[in-house]
Amino acid sequence: MELKFILESLLFSAQKPLSVKELRDVLGAATEQEGADATAKSLAKTKDTELTLALEELARDHEAAARSYRLACVAGSWQFVTQPEFAPWLRALVGIKARPPRLSQPALETLAIVAYRQPLRVPRSSRFAV
């Protein structure tokens, strides 16, 4: 198996973007699994530069294939993302999520009571002279 296809399967299956370090850790952990083959053992010591080169090659392959998705590196982590021109259909599928209110009505009422009952602190400079 080729490294870039292994990385592709990992990124496709991941629930979150993966950094090169996380990918290297997964490759190392694969050797500890029962039934690890020679390929898994040979990839356990893969260097970061090799992983980065394989990821960049994979990104070029996906771009050349003109697919509806691409491989992108965002903030040092790699993930599959859809092409921007497919946004209208994705919004229809997922829906536009409205921001939930930060505090519930009971929480706001509780804060209002607490704020109302706080002692009033007057700075010393504004106190009346007695």
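Our subject in this report is the structure included herewith. This one's a predicted model, so the numbers in the text were calculated from it and none came from an experiment.

1. Side note on the packing of aromatic side chains
- By the definition in use, this model includes 2 aromatic pairs.
- Arranged with centres 5.6 Å apart and planes meeting at 80°, the rings of Tyr69 and Phe80 form a pair that is edge-to-face. Taken together, the residues span a long stretch of sequence, with Tyr69 in strand 2 (residues 69-74) and Phe80 in strand 3 (residues 77-82) at a distance of 11 residues.
- Here Phe86 and Trp89 contribute two aromatic rings whose centre-to-centre distance is 6.4 Å and whose plane-to-plane angle is 50°, an arrangement assigned as tilted.
- Overall, Phe86 belongs to the partly exposed group, its relative accessible area being 32%.

2. Some words on the side chain of Ser19
- Note that Ser19 resides in strand 1 (residues 18-19).
- With sequence-adjacent residues up to four places away left out, Ser19 is seen in contact with Gly76 and Ser77.

3. Some remarks on the packing of helix 2 (residues 20-30) against helix 4 (residues 48-64)
- Where helix 2 contacts helix 4, the two axes come as close as 10 Å, and the packing angle between them is 105°. Overall, the two elements helix 2 and helix 4 adopt an arrangement that is roughly perpendicular. For the pair formed by helix 2 and helix 4, the contact residues are Val20, Leu23, Arg24 and Leu27 on the first element and Asp48, Leu51, Thr52 and Leu55 on the second.
- Partitioning the contact of helix 2 with helix 4 into residue classes produces 5 nonpolar, 1 polar and 2 charged.

4. Description of the sheet that holds strand 3
- Spatial ordering of the open sheet is given by 1-3-2, a layout of 3 strands whose pairing is antiparallel. The open sheet is flanked by strand 1 and strand 2, the only strands paired with a single partner.

5. Some points on unusual backbone geometry
- A positive phi is found at Ala66, a non-glycine position, where the angle reads about 55°.
- In this structure, Ala75 is a non-glycine residue whose phi angle is positive, near 55°.
- Considering the arrangement of structural elements, one finds Ala75 in the loop between strand 2 and strand 3.

6. Concerning the nonpolar core
- Membership of the largest hydrophobic core comes to 17 residues, with the highest contact counts inside it found for Leu3, Leu7, Leu11, Leu55, Leu71 and Trp78.
- Of all the elements in the fold, those that place two or more residues in this core are helix 1 (3-13), helix 2, helix 4 and strand 3.
- Every residue in contact with Leu11, bar those within four places of it in the chain, is listed here: Leu18, Leu23, Leu55, Leu71, Trp78 and Phe80.

7. Quick word on the layout of surface pockets
- Size it by volume and the largest pocket reaches roughly 160 Å³.
- What lines the largest pocket is simply Leu11, Phe12, Ala14, Gln15, Lys16, Pro17, Tyr69, Trp78, Gln79, Phe80, Val81 and Thr82.
- Sort the elements by how many residues they give to the lining of the largest pocket and strand 3 lands first, with 5 residues.
- Here the residues of the lining of the largest pocket are counted per class, giving 8 nonpolar, 3 polar and 1 charged.

8. A word on the side chain of Lys4
- Along the chain, Lys4 turns up in helix 1.
- For Lys4, the side chain forms a polar contact with the side chain of Glu57, separated by 3.1 Å.
- Apart from the residues lying within four places of it in its own chain, the contact partners of Lys4 are Ala54, Glu57, Leu58 and Asp61.

Here is what the cut-offs are and how they apply
- Residues numbered from 1 in each chain as written.
- Predicted model: local features only at pLDDT ≥ 70, side-chain atom pairs only at ≥ 80, totals over all residues.
- Heavy atoms only, no water.
- Phe/Tyr/Trp six-rings, centres within 6.5 Å; stacked < 30°, edge-to-face > 60°.
- Helix = DSSP H or I, 4+ residues; strand = E, 2+ residues; numbered from the N terminus.
- Buried < 20%, exposed > 50% of the residue type's maximum accessible area, 1.4 Å probe, protein only.
- Contact = heavy atoms within 4.5 Å.
- Axes fitted to C-alpha atoms, helices over the stretch in contact; angles between N-to-C directions.
- Parallel < 35°, antiparallel > 145°, perpendicular 65-115°, else oblique.
- Nonpolar A, V, L, I, M, F, W, Y, C, P; charged D, E, K, R; others polar.
- Pairing = 2+ DSSP bridges.
- Core = buried A, V, L, I, M, F, W, Y, C linked by side-chain atoms within 4.5 Å.
- 1 Å grid on protein atoms, 1.4 Å probe; cavity = no way out; pocket = protein on both sides within 12 Å on 5 of 7 lines; lining within 4 Å.
- Points joined across faces, edges and corners; volume = space filled by probe spheres on them.
- Polar contact = N/O pair within 3.5 Å; in protein donor to acceptor, adjacent residues only side chain to side chain.

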